[in-house]
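# Notes for the structure review
The lines below spell out each chain.
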Amino acid sequence: MCEVVLETRVDYFADLREELAKYIDDEKLEQVAKAYEYAAWAHRNQKRLTGEPYIIHPVAAAKILAEMHMDYQTIMATLLHDVIEDTEVSKEDLSDKFGDDIAELVDGVSKLTQIKFETRAEMQAENFRKMVLAMVRDIRVIIVKLADRLHNMRTAESLPRKKQRLKALETLEIYAPIANRLGMHRFCVELEDAGFKAYYPLRYRILHNAVKTAVGNRSEIVKVIENELTDALKNKNINLVKLYGRQKHLCSIYQKMKVKKASFAEIMDVYGFRIVVNSTDDCYRVLGIAHNLYKPVPARFKDYIAIPKVNGYQSLHTTLFGPYRVPIEIQIRTEDMENIANNGVAAHWIYKEGSPEHTDAHYRAEQWVRSLLEMQQSSGSSIEFIETVKIDLFPDEVYVFTPRGDILELPKGATPVDFAYAIHSDIGNSCVAAKINRRLSPLSTPLVNGQRVEIITAPGACPNPAWLNFVVSGKARSNIRHFLKSQQHVESIALGKRLLKKAMKDFGSDLDTISDKALMAMSSLLGYDNFEQLAEAIGLGNQVAQVIAKRLLSGDSSLAELAENDSQSSDKPLLIKGTEGMVLHFAECCRPIPGDLIIGYLRAGQGIEVHLESCKRTSRLRNNPERLLNLMWQGDVKGDFLTDLTVEVRNQRGVLADIARIIAESGANIDNIAVKPGDGTYNVVDLTLAVHSRDHLAEVMRRLRGIHAIARMYRSKS
Ligand code: MN
């Protein structure tokens, strides 16, 4: 295969070959050997920063995966992972020599390598998107990339300081979370610690030494507990695979200290043990024996065997009071579970080489990646996408029940709205209320483990934009956004048609007399595919109804003269109901309510902005008369409208409570309240109220005047 013979022929492959021989047959091993020869030849003139031959790096990365018993193709791809990127070898060359599978894998890894994580958020998001797409094609691409990164981080010390920090940051922010999400715990831990060490070398060293001392001090107790547990299990004839004291990794200790503000002593005070046995049955028996030996800490028991984590992790967790009342955390699992806990999605290839059967971890990883793909299709921009994905990368989940008793896992902080969308997007879109443990609760309530959640839907209900402020799952977020976008589409078409109808009437004509053909012609003249698109553009304020109307009537298609000479003298007001939805906005500067004299302004891309006729800001808007719109409230407007009321009040005990009570008694709602301290005798209270109309507001104000402490009160329109 390889014609060029290296002069000083050190066999860097020997160790790896030995490792591979443990689980790969001879025929496949020969193919791997060929891949090694080829890679060694391709990299023959390259050296690592340490001065060693370059081939050491791909071999070391391959060894990491061989120790996990990854399949031979992945090992071959790992050996070859840098040849496309760093040598003159092409993807076609690899195809010819090793087949399409290997070539695709190496090509996928090279594409990931080309991704540079720039500081600009958009760039990073775009890159991350590419990475996800690469994973969708073949998750092994990511596994090779992770092994590559792991070896580079193990040897990061030879890099210049600045580059070390950059690589460390990438590792901590992108690669370690991905390893975690794919259930590859061992990778995740080592990546995190290496990243931590390279990013904060001093903190790492201090913590490292502190842990070493602490472990030394604890070894006595650890021995005692190990012996007591082992004896107890042996007495009950449990077949023990292994039992050992667990050590938290440095990065997680550091994060706990930082995020949970726990002291080093608090964290180190907990003694961790892992017990591995042969069967699931034994796991529960061990649990019983342990609870019999030491008293369990209430509410700290978790059954991840019955309810695995999203990344496929399974284990029993319990916390006990050990000898001398020291807290002990015990994890109990089978060997299979241990393998999946350590290797996650990679465990699939380890056990099931050649067979298409999927492990749970693998199945879940695939599901996750597929849901990412869905999200990326429905999200508008890369930034939006990475926002939703980041939530999913840190899976701290809660488990809740449907009314039928099914278990649903949701990210921590999830609300009934997240729950509704997790069941089905239609349920999410039409949910109006929720019962948590049979009691009506606000849709924004964060859910807690074990709750039973029931969603109440109503036909015709639709998502509220405010939900975006509290939903936490990517699925809910992208569905709500998607719905709102299409909703706005429908509403702006309706408004556009109304505006055009009205404009035609102002010119003494009728839209209905215009033929479909003429409407279509006008639409395509302006670059729209159909009349609906034109109507949408009018509704969104991107086209002016009067101009379109005039052109339709005159049949004139020259753009020049149209905008200027139209007087709006015949302009009859457009009636609004307040239910026009997302194409109608009430300006916050003056907050008009039904009964007020109002005026509209067509803001490009947004629809109508409603102002008080007397609003100071409209004087500027009057510079664009073609965008101004004469508006009037329809006679029977219903609903709540926000308006601002300022109250100057004597500093007197209980006066705020009085104000709130009277407002509530008048049937209005307080949407917001801010108290500005005045001169000590008087305070200024800014209220945002939800009222039905001007009359309603007048009634509220009349009642408030009954409070003697109120010195002055006025509607604020600034
Ligand atoms: Mn590499």
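Residues numbered from 1 in each chain as written. Predicted model: local features only at pLDDT ≥ 70, side-chain atom pairs only at ≥ 80, totals over all residues. Heavy atoms only, no water.

Mapped onto the elements, H57 comes out in helix α3 (residues 56-67). Since its relative accessible area comes to 1%, H57 is described here as buried. If we skip the residues at most four places from it in the chain, H57 touches R48, H81, D82, D148, H151 and N152. (Helix = DSSP H or I, 4+ residues; strand = E, 2+ residues; numbered from the N terminus. Buried < 20%, exposed > 50% of the residue type's maximum accessible area, 1.4 Å probe, protein only. Contact = heavy atoms within 4.5 Å.)

Turning our eyes to something else, we now look at the packing of aromatic side chains. Ring pairs (aromatic) are described by centroid distance and by the angle formed between their planes. In this structure the tally under the stated criterion is 12 aromatic pairs. Residues F196 and Y254 carry aromatic rings whose centres are separated by 4.7 Å and whose planes lie at 25° to one another, so their mutual orientation is stacked. A residue pair is termed long-range when its members are at least 10 positions apart, and F196 in helix α11 (residues 185-199) and Y254 in helix α13 (residues 250-259) qualify at 58 residues. For Y254, a relative accessible area of 15% gives the class buried. Centre to centre, the rings of F586 and F641 are 5.5 Å apart; their planes meet at 90°, and the pair counts as edge-to-face. With a gap of 55 residues between them, F586 in strand β13 (residues 584-586) and F641 in strand β17 (residues 641-650) connect regions that are remote in the sequence. Under the relative-accessibility criterion, F586 is labelled partly exposed at 26%. Of the residues examined, F641 reaches a relative accessible area of 5% and is grouped as buried. Here the aromatic cluster, defined as three or more aromatic residues joined through ring pairs, consists of F196, Y199, Y200, Y204 and Y254. The ring of Y199 is capped by R165, whose NZ or CZ atom sits 4.1 Å from the centre of that ring. Sitting over the face of the ring of Y200, R203 holds its NZ or CZ atom 3.9 Å from the ring centroid. (Phe/Tyr/Trp six-rings, centres within 6.5 Å; stacked < 30°, edge-to-face > 60°. Lys NZ or Arg CZ within 6 Å of the ring centre and 35° of its normal.)

What follows concerns the sheet that holds strand β12 (residues 574-576). With mixed pairing, 5 strands are arranged side by side in an open sheet as β12-β16-β14-β15-β13. Taken across any chain shown, the strands that pair with only one partner, and hence form the sheet edges, are β12 and β13. When the angles between neighbouring strand axes are averaged without regard to direction, this sheet yields 40°. With 3 bridges joining them, strand β14 (residues 598-603) and strand β16 (residues 628-633) adopt antiparallel strand pairing. Following the sheet pairing, G600 is matched in β16 by L629. In the packing of helix α22 (residues 474-506) onto the sheet, contacts are made with β12, β14, β15 (607-612) and β16, and the angle to β12 comes to roughly 150°. (Pairing = 2+ DSSP bridges. Axes fitted to C-alpha atoms, helices over the stretch in contact; angles between N-to-C directions.)

Protein ligation of the manganese ion involves H57 (NE2), H81 (NE2), D82 (OD) and D148 (OD), the donor distances falling in the range 2.2 to 2.4 Å. Read in sequence order, the donor residues coordinating the manganese ion give the pattern H-x23-H-D-x65-D. With D82 in the loop between α4 (72-79) and α5 (83-86) and D148 in helix α9 (residues 139-154), the pair connects residues that are 66 residues apart, well separated along the chain. We classify D82 as buried; its relative accessible area is 4%. (Donors = N, O, S within 2.8 Å, 3.2 Å for Na, K, Ca; no water.)

What follows deals with the packing of α22 against helix α25 (residues 545-554). Look at α22 against α25: their axes get within 8 Å of each other, and the N-to-C directions meet at 55°. Considering their axes alone, α22 and α25 lie oblique with respect to each other. Here α22 runs over α25; the crossing is right-handed. Between α22 and α25, the contacting residues are L499, L500, A503 and M504 on the first element and A545, Q546, I548, A549, L552 and L553 on the second. Broken down by class, the residue content of the contact of α22 with α25 amounts to 9 nonpolar, 1 polar and no charged. (Parallel < 35°, antiparallel > 145°, perpendicular 65-115°, else oblique. Left-handed = near helix turned anticlockwise from the far one by under 90°. Nonpolar A, V, L, I, M, F, W, Y, C, P; charged D, E, K, R; others polar.)

Once that is clear, we can look at the confidence of the model for the protein. Overall, the predicted model of the protein reaches an average pLDDT of 82, with 85% of residues at or above 70. A low-confidence stretch, residues 118-123 (pLDDT under 50), is modelled with 5 contacts involving residues beyond four sequence positions or located in other chains. (pLDDT = per-residue confidence, 0-100.)

It is worth spelling out a nonpolar patch on the surface at this point. Residues L656, I670, I673 and V675 make up a contiguous nonpolar surface patch of roughly 290 Å² in combined accessible area. No other element matches the 3 residues that strand β18 (residues 669-677) contributes to the nonpolar patch. Looking at the element boundaries, V675 is found in strand β18. Assessed through its relative accessible area of 42%, V675 is described here as partly exposed. (Patch = residues over 30% accessible without salt bridge, like charges linked within 9 Å, V, L, I, M, F, W, Y side chains within 5 Å. Areas by Shrake-Rupley, 256 points an atom, 1.4 Å probe, with all protein chains shown as cover. Salt bridge = Lys/Arg side-chain N within 4 Å of Asp/Glu carboxyl O.)

Turning next to the pattern of salt bridges. One pass over the full model with this rule turns up 30 salt bridges. Here K22 makes a salt bridge to E19, at a shortest N to O gap of 3.2 Å. Here E19 falls in the buried class, since its relative accessible area comes to 13%. Among the ionic pairs, K91 bridges to E104, the shortest N-O distance being 3.1 Å. With K91 in helix α6 (residues 91-98) and E104 in helix α7 (residues 100-114), this pair connects stretches of sequence that are 13 residues apart. On the accessibility criterion, K91 (25% relative accessible area) is partly exposed. Residue classification places E104 among the partly exposed residues on the basis of a relative accessible area of 43%.

With that settled, the discussion passes to the sheet that holds β18. Spatially, 4 strands are ordered β18-β19-β17-β20 in an open sheet, and the strand pairing comes out antiparallel. In this open sheet, the two strands that pair with only one neighbour each are β18 and β20 (710-715). Across the sheet, the mean angle separating the axes of adjacent strands is 20° when strand polarity is ignored. Where helix α27 (residues 655-665) meets the sheet, its contacts fall on β17, β18, β19 (682-691) and β20, and the angle it forms with β18 comes to roughly 160°. Against the sheet, helix α28 (residues 694-704) touches β17, β19 and β20, its axis set at about 170° to β20.

The next thing to look at is helix α1 (residues 14-21). L16, E19 and L20 are the residues of α1 that are buried. Projected down its long axis, α1 carries its buried residues within an arc of 95°, all on one side. Looking at the packing, one finds that the buried side of α1 touches α2 (26-42), α3 and α4. (Arc of directions from axis to C-beta.)

Two cysteines joined by a covalent bond between their sulfur atoms form a disulfide. Considering all chains together, one arrives at 0 disulfides under this definition. The closest cysteine sulfur to the non-disulfide-bonded C251 is located on C188, 8.3 Å from its own sulfur. By relative accessible area, C251 is classed as buried at 3%. C615 takes part in no disulfide bond, and the closest cysteine sulfur, belonging to C589, lies 3.7 Å away. (Disulfide = S-S within 2.5 Å.)

Turning our eyes to something else, we now look at the nonpolar core. In globular proteins that are soluble, nonpolar side chains generally tend to be buried together. L20, I75, L79, L80, L94, M184 and F187 are the most contacted members of the largest nonpolar core, which has 64 residues in total. The residues touching L80, leaving out its near neighbours within four places in the chain, are A35, Y38, A39, L94, F98, I102 and V106. (Core = buried A, V, L, I, M, F, W, Y, C linked by side-chain atoms within 4.5 Å.)

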